[in-house]
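Residues per chain are reported as follows:
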Amino acid sequence: MRIGIDLGGTKIEVIALNESGESLFRKRIATPRGDYVATLNAIASLVNDAEFTIGRKGTVGVGIPGTLSPVTGKVKNANSTWLNGQFFDTDLAKILERPVKVANDANCLAVSEAVDGAGKGAKVVFAVIIGTGCGAGIAINEQVHSGGNGVAGEWGHNPLPWQDAQDAQFLHGEHCYCGLTGCTELFVSGTGFMADYRKLSGETKTGAQIIELIPLGNEHALTAMNHYESRLARALAQAINMLDPDVIVLGGGMSNVDGLYQSLPLQVRNWVFGRECDTPIRKALHGDSSGVRGAAWLWSK
């Protein structure tokens, strides 16, 4: 049995999978924000709940919104900042009394979709999270590729390529938590989509509310979506130029915008070197469950 944990900024989810990938147990609780020790104990409690319910122990993998530094062994780059600087994997292993595998949450998405999702059968899967923030992960032969610095796939913290005057105007007053400017995350996260609409209309709405306005012909919603599609297409083209994956899988809240799967393949082609691109762009098959399933699959078959 494989147990996966998805550690998010607002919720922690556990799943237990059998060898064929069927879900045996699943539960979510609120994340004890800002409290590292309470976070460890919450994860341990979820693992214990799963094992007590099913009646046997399992391997444990955890997806986190950051990565383990290959230099220090500590968490770095986590937007759940109370994790940064902690020996998270070894601390959790002590509590659970077994080895624990930890990977970036976007890498977990990539592994999940490579094993039995929208990227099944593909050698190289580039998986993108476009939600509150944005990031990406890489799976090669169904395994995480995190790189020598632990930052492979950190596509969201490269500058948005081929920025135009509209992009420059949008960036006014926008700052990335990483400390740099012009990051792709500012533009193509769900938060960025909402910020663009707010700047265009003067109104604050959720992403879902903005999407609902598009079929009604709302000018500002249509403009925000046009901007969003162009920015995401350019960012994906940059990834294709560098990695040329066999498939791109989209996860996170904005991945539920069905129109992206018609518009993006056409727009991406305009920016890929040579103007030839048939890379499939697919919605994550496992949806919101993909990250936690990928954490469970960190222990290879």
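Residues numbered from 1 in each chain as written. Predicted model: local features only at pLDDT ≥ 70, side-chain atom pairs only at ≥ 80, totals over all residues. Heavy atoms only, no water.

A. Summary view of the sheet that holds strand β9 (residues 134-140). Within the open sheet, the 5 strands sit side by side as β10-β9-β8-β11-β12. Their pairing is mixed. Looking at the sheet topology across the chains shown, the edges are occupied by β10 (143-144) and β12 (281-283). As paired elements, strand β8 (residues 124-130) and β9 share 7 bridges and run antiparallel to each other. Paired with V124 across the bridge in β9 is I140. (Pairing = 2+ DSSP bridges. Helix = DSSP H or I, 4+ residues; strand = E, 2+ residues; numbered from the N terminus.)

B. Expanded view of the side chain of D167. Here D167 is to be found in helix α4 (residues 165-171). Other than its neighbours up to four places away in sequence, D167 contacts L160, W162, F187, R231 and R234. (Contact = heavy atoms within 4.5 Å.)

C. Focus on unusual backbone geometry. Residues other than glycine seldom take positive phi values, yet E97 does so here, at roughly 60°. Here E97 is to be found in the loop between α2 (88-96) and β7 (100-104). When its relative accessible area of 71% is taken as the criterion, E97 is described as exposed. (Buried < 20%, exposed > 50% of the residue type's maximum accessible area, 1.4 Å probe, protein only.)

D. Region of the structure containing the pattern of salt bridges. Under the definition given, this model contains 14 salt bridges. Residues D167 and R231 are paired through a salt bridge, measuring 2.7 Å at the closest nitrogen-oxygen approach. One end of the pair, D167, is in helix α4; the other, R231, is in helix α8 (residues 219-243), and 64 residues separate them in sequence. Of the residues examined, R231 reaches a relative accessible area of 2% and is grouped as buried. (Salt bridge = Lys/Arg side-chain N within 4 Å of Asp/Glu carboxyl O.)

E. Local environment of the nonpolar core. By size, the foremost hydrophobic cluster in this structure holds 43 residues, and its most contacted members are V128, I130, W155, Y228, L232, L236 and V268. For this core, the leading source of residues is α8, giving 11 residues. When neighbours within four sequence positions are excluded, Y228 is seen to be in contact with I130, F187, V188, S189, F193, M254 and L260. Membership of the second largest hydrophobic core comes to 30 residues, among which are I5, A50, W82 and F88. (Core = buried A, V, L, I, M, F, W, Y, C linked by side-chain atoms within 4.5 Å.)

F. Fine view of the pairing of β7. Within β7, 4 of the 5 residues are buried, which leaves the element mostly enclosed by the surrounding structure. Pairing of strand β4 (residues 59-64) with β7 involves 5 bridges; the strand directions are parallel. Following the sheet pairing, G61 is matched in β7 by K101.

G. α8, seen in detail. Its 25 residues place the ends of α8 36 Å apart at the C-alpha level, agreeing with the 36 Å of an ideal helix rising 1.5 Å per residue. At the N-terminal end of α8, a side-chain oxygen is found 3.1 Å from the backbone nitrogen of H220, two or three residues along, and the residue is N218. Positive backbone phi, at 50°, marks D244, one or two positions downstream of α8. (Expected span 1.5 Å × (residues − 1). Polar contact = N/O pair within 3.5 Å; in protein donor to acceptor, adjacent residues only side chain to side chain.)

H. Inspection of the environment of H286 at higher detail. Assignment of secondary structure puts H286 in the loop between β12 and α10 (290-296). The class for H286 is partly exposed, based on a relative accessible area of 22%. For the pair formed by H286 and A118, sequence separation is 168 residues and the distance between their alpha carbons is 8.2 Å. Setting aside its immediate chain neighbours within four residues, H286 contacts S112, E113, D116, G117 and R293. Here D116 takes part through its side chain, which lies 3.0 Å from a polar atom of the side chain of H286.

I. Geometry of the sheet that holds β4. If you walk across this open sheet you meet the 5 strands as β3-β2-β1-β4-β7, and the pairing is mixed. If you trace the sheet from one side to the other, it starts and ends with β3 (23-30) and β7, each paired once. Taken pair by pair, the neighbouring strands of this sheet meet at an average axis angle of 15°, ignoring direction. Relative to β3, strand β2 (residues 11-17) runs antiparallel, the two sharing 7 bridges. Residue I12 lies in a different strand from β3, and its bridge partner there is I29. (Axes fitted to C-alpha atoms, helices over the stretch in contact; angles between N-to-C directions.)

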